There are 2 protein chains.
Amino acid sequence: MINVFGHKSPDSDCVSSAVIATHWLNARGKDATPFRLGEVSRETQFIFDFAGVELPPMLDKPLKGEKVYLVDFSEAEQAPDDINEADLVGIVDHHRLGTLTSSAPLEAWLMPLGSSASVLFELFGIHNVEIPQPIARLMLGALLSDTVGLKSPTTTERDVELVDLLAPLAGVEVESFLADLLAAKTNVEGLSTEALLDKDVKNYEISGKSTTLGQLELADYGQVKHELANMQAVMEQRVADKGLDLAALMLTNIRSEETRLLVAGPLADTIKAANGDSLTFEGFLSRKKQMLPWVTEVLS
Amino acid sequence: MINVFGHKSPDSDCVSSAVIATHWLNARGKDATPFRLGEVSRETQFIFDFAGVELPPMLDKPLKGEKVYLVDFSEAEQAPDDINEADLVGIVDHHRLGTLTSSAPLEAWLMPLGSSASVLFELFGIHNVEIPQPIARLMLGALLSDTVGLKSPTTTERDVELVDLLAPLAGVEVESFLADLLAAKTNVEGLSTEALLDKDVKNYEISGKSTTLGQLELADYGQVKHELANMQAVMEQRVADKGLDLAALMLTNIRSEETRLLVAGPLADTIKAANGDSLTFEGFLSRKKQMLPWVTEVLS
């Protein structure tokens, strides 16, 4: 049996793609089962509810000797710790070629598209596998999530075509589905200050400076207005406790495509000064492709 | 322009696949040119002569900023030293997933088949690209070479099918083509003692012992009978000069699928004793899959 799963801190594309890839592997006569490596977001839950598909179970067994098929990553750091004891039989991905290696020949399908679900759409075509409605809904949800409604700089022309091809298969009116998806993506209702800060935070060492850079995707800044002072206070406390040089949180309005930055720590003023004393960044949607390169340049 | 090439110490599969992949990329509307990283064997020359195709030129430019498309490998050690300065846009391969990484998303097509040419046959199908006779001849030659006439343990059922599909496209009678190919592969006429030893030699550190393990593919042991004493003497000299623990040379008869081992150095008797005082290994064709694992077990 092949264990199919995406990366740690799972997003909608990798959880959906594990289920989509399992369907495709089964159609090719291979015995496969999907898993996930962590709790899912409200957006992922929305997509699965809408598709009428059960979430894959958590992976909770040792991988030693197990056949594994990875979706949406090829980085060792994003895999379970015992990945090197597994028998890696396949990869579907749309990222850079990462640090994982295999001990034996395998199949790997990497394409520079906007989502792993987009790659899987092509693979269903290559292997002549039909796309049933629940799978089409997972594909459409994952593709629209990973490309932030086709607005992210990672979106390709082919992704735009795929949305048009998938919509009738999914039985979905794209605009209204996207609105619901983004509402789920940006739903922060009832989250504590700490949960808001921790929702999607990553650590980086930049030019010898220890920094954290989180991101909170919002439909409207009003959603967190009442929490801003609390978030700032907790960030200041964490900078002091952990000896950080910089803690930053992107508040990204995915409708207006604008990011406001909360900053704390010794380098906060440097960041502010480097953007003309403003903490508003127009056109910034992506941490990986926009904010992180900019911060890196400022600190270098 | 995309630079397409295989690994260092090029074999027939990687040189042929560079040309085959270039044809496929061109048919997909991409501007690509094939290269090779070293001198070719008599077998590779035979395949290209038979196909009526010119050998690709040697790659002799810095790769900084160049687009590169790799065939038949994904190991950093088998690439030019400046591969990390290149823009890696694609890979076609049939080996394990190796140590190379890319900085940006790319396309990668890996399948566990007997040759990279086999993988490319599938890609021509996927992208609906016709296979002209010269390309079919390169594919057939590369596939038969890498699988040693479909006898290697790396051969799959699909490779056997592909030979039947390729033969009419290539306008080739497989048995006679294979006989000519193996004659070219095993042609050692006029090579010096040193050239015979160096034709395909690799260094390994096994359980802390420094060893070399070469391989010479033959159609008949008689081809090197007059050189055996000279080869043994040169190997003894090299062991002494380089302080090796073991030097070994596989004389592989690819018709009878049998390997005789020449050994020199302090561990020579250990090797001999471990095989019942015989240096003949029946059924051994592969250094990677058979001899190296066996030697490793003996020395561990």
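Just so we're clear, the structure is a prediction, and the values are computed from it rather than from any experiment. (Residues numbered from 1 in each chain as written. Chains lettered and ligands numbered in written order. Predicted model: local features only at pLDDT ≥ 70, side-chain atom pairs only at ≥ 80, totals over all residues. Heavy atoms only, no water.)

Draft legend 1. Here's a closer look at the overall build of chain A. Scanning chain A from N- to C-terminus turns up 10 helices and 10 strands. Over its C-alpha trace chain A gives a radius of gyration of 20 Å, about what one expects of a compact globule, namely 19 Å for 300 residues. The principal-axis extents of the C-alpha atoms in chain A amount to approximately 60 × 45 × 35 Å. When each of the 300 residues of chain A is scored for burial, the buried share is 53%. Residue pairs at least 24 apart in sequence account for 61% of intrachain contacts in chain A once pairs closer than 6 positions are excluded. With the model as given, the accessible surface of chain A reaches about 12900 Å², and the carbon-plus-sulfur share is 48%. Averaging the positions of the 25 positive and the 45 negative side-chain charges in chain A gives two centres separated by 2 Å. (Helix = DSSP H or I, 4+ residues; strand = E, 2+ residues; numbered from the N terminus. Rg over C-alpha atoms; globule rule 2.2 N^0.38 Å. Buried < 20%, exposed > 50% of the residue type's maximum accessible area, 1.4 Å probe, protein only. Contact = heavy atoms within 4.5 Å. Areas by Shrake-Rupley, 256 points an atom, 1.4 Å probe, with all protein chains shown as cover. Lys, Arg positive; Asp, Glu negative; His and termini not counted. Charge placed at Lys NZ, Arg CZ, Asp CG, Glu CD.)

Draft legend 2. Local environment of the packing of helix H4 (residues 133-146) of chain B against helix H5 (residues 157-170) of chain B. Residues and elements named next belong to chain B. Orientation of H4 relative to H5, taken along the N-to-C sense of each, is 145°, at an axis distance of 9 Å. Between H4 and H5 lies a crossing whose hand is left-handed. Across the interface between the two elements, Gln133, Ala136, Arg137, Met139, Leu140, Leu143 and Leu144 of H4 pack against Asp159, Leu162, Val163, Leu166, Ala167, Leu169 and Ala170 of H5. Looking at the contact of H4 with H5, its residues break down into 11 nonpolar, one polar and two charged. (Axes fitted to C-alpha atoms, helices over the stretch in contact; angles between N-to-C directions. Left-handed = near helix turned anticlockwise from the far one by under 90°. Nonpolar A, V, L, I, M, F, W, Y, C, P; charged D, E, K, R; others polar.)

Draft legend 3. Spatial organisation of helix H5 (residues 157-170) of chain A. Residues and elements named next belong to chain A. Spanning 14 residues, H5 covers 20 Å between terminal C-alpha atoms, matching the ideal 20 Å at 1.5 Å per step. For H5, the set of buried residues is Asp159, Leu162, Val163, Leu166, Ala167 and Ala170. Looking at the buried side of H5, the elements it contacts are helix H3 (116-126), helix H4 (133-146) and helix H6 (174-185). In the segment just after H5, Gly171 is the residue with positive phi, at about 60°. (Expected span 1.5 Å × (residues − 1).)

Draft legend 4. Just the side chain of A:His94, in detail. With respect to the element layout, A:His94 can be found in the loop between strand S4 (87-93) and strand S5 (107-110). Separated by 3.2 Å, the side chains of A:His94 and A:Asp72 make a polar contact. At 3.2 Å, the side chain of A:His94 forms a polar contact with the side chain of A:Asp146. Excluding residues that lie within four positions of it along the chain, A:His94 makes contacts with A:Asp13, A:Asp72, A:Met111, A:Leu113, A:Gly114, A:Ser115, A:Ser116, A:Val119, A:Asp146 and B:Pro105. (Polar contact = N/O pair within 3.5 Å; in protein donor to acceptor, adjacent residues only side chain to side chain.)

Draft legend 5. Layout of the nonpolar core. A:Trp24, A:Met139, B:Trp24 and B:Met139 are the most contacted members of the largest nonpolar core, which totals 106 residues. Setting aside its immediate chain neighbours within four residues, B:Trp24 contacts B:Tyr69, B:Val92, B:Glu107, B:Trp109, B:Leu120, B:Leu123, B:Phe124, B:His127 and B:Val129. If you look at the next biggest cluster of nonpolar residues, it comprises 35 residues, including A:Ala79, A:Leu88, B:Val68 and B:Leu97. (Core = buried A, V, L, I, M, F, W, Y, C linked by side-chain atoms within 4.5 Å.)

Draft legend 6. Quick peek at the domain arrangement of chain A. All names here are of chain A. The domain architecture assigned to chain A consists of domain 1 (2-185) and domain 2 (193-299). Spacing between the C-alpha centres of domain 1 and domain 2 amounts to 28 Å. The interface is formed by seven residues belonging to domain 1 together with nine residues belonging to domain 2. Buried surface at the junction of domain 1 and domain 2, both sides included, amounts to about 800 Å², of which 61% is carbon and sulfur. When the area that domain 1 buries against domain 2 is broken down by residue, the three leading residues are Lys151, Pro153 and Lys185, summing to 57%. At the junction of domain 1 with domain 2, the criterion picks out two salt bridges. For Lys151, the salt bridge identified is with Glu257, shortest N-O distance 3.8 Å. (Domains from an automatic or database assignment. Buried area = accessible area lost by both parts, 1.4 Å probe. Salt bridge = Lys/Arg side-chain N within 4 Å of Asp/Glu carboxyl O.)

Draft legend 7. Representation of the sheet that holds strand S10 (residues 280-282) of chain A. Residue and element names in this part refer to chain A. Across the sheet, five strands lie side by side as S6-S7-S8-S9-S10; this open sheet has mixed pairing. Looking at which strands have only one partner, the edges of the open sheet turn out to be strand S6 (201-206) and S10. Each neighbouring strand pair of the sheet contributes to a mean axis angle of 25°, computed without reference to strand direction. Two elements, strand S8 (residues 246-253) and strand S9 (residues 258-264), share seven bridges in a ladder whose sense is antiparallel. Residue pairing across strands places Ala247 opposite Ala264, the latter belonging to S9. (Pairing = 2+ DSSP bridges.)

Draft legend 8. Layout of the interface of chain B and chain A. The partner chain A presents 21 residues to the 21 residues of chain B that form the contact. Between chain B and chain A lies a buried interface of about 1800 Å² when both sides are counted; carbon and sulfur atoms form 67% of it. The three residues of chain B that bury the most area against chain A are B:Arg96, B:Leu97 and B:Leu106, which together make up 30% of that side's buried surface. Per element, the largest residue contribution to the side of chain B that touches chain A is four residues, and it comes from strand S5 (residues 107-110) of chain B. Of the residues belonging to the side of chain B that touches chain A, the class tally is 12 nonpolar, seven polar and two charged. Two elements, S5(A) and S5(B), share three bridges in a ladder whose sense is antiparallel. Its bridge partner lying in S5(B), A:Trp109 is registered against B:Trp109.

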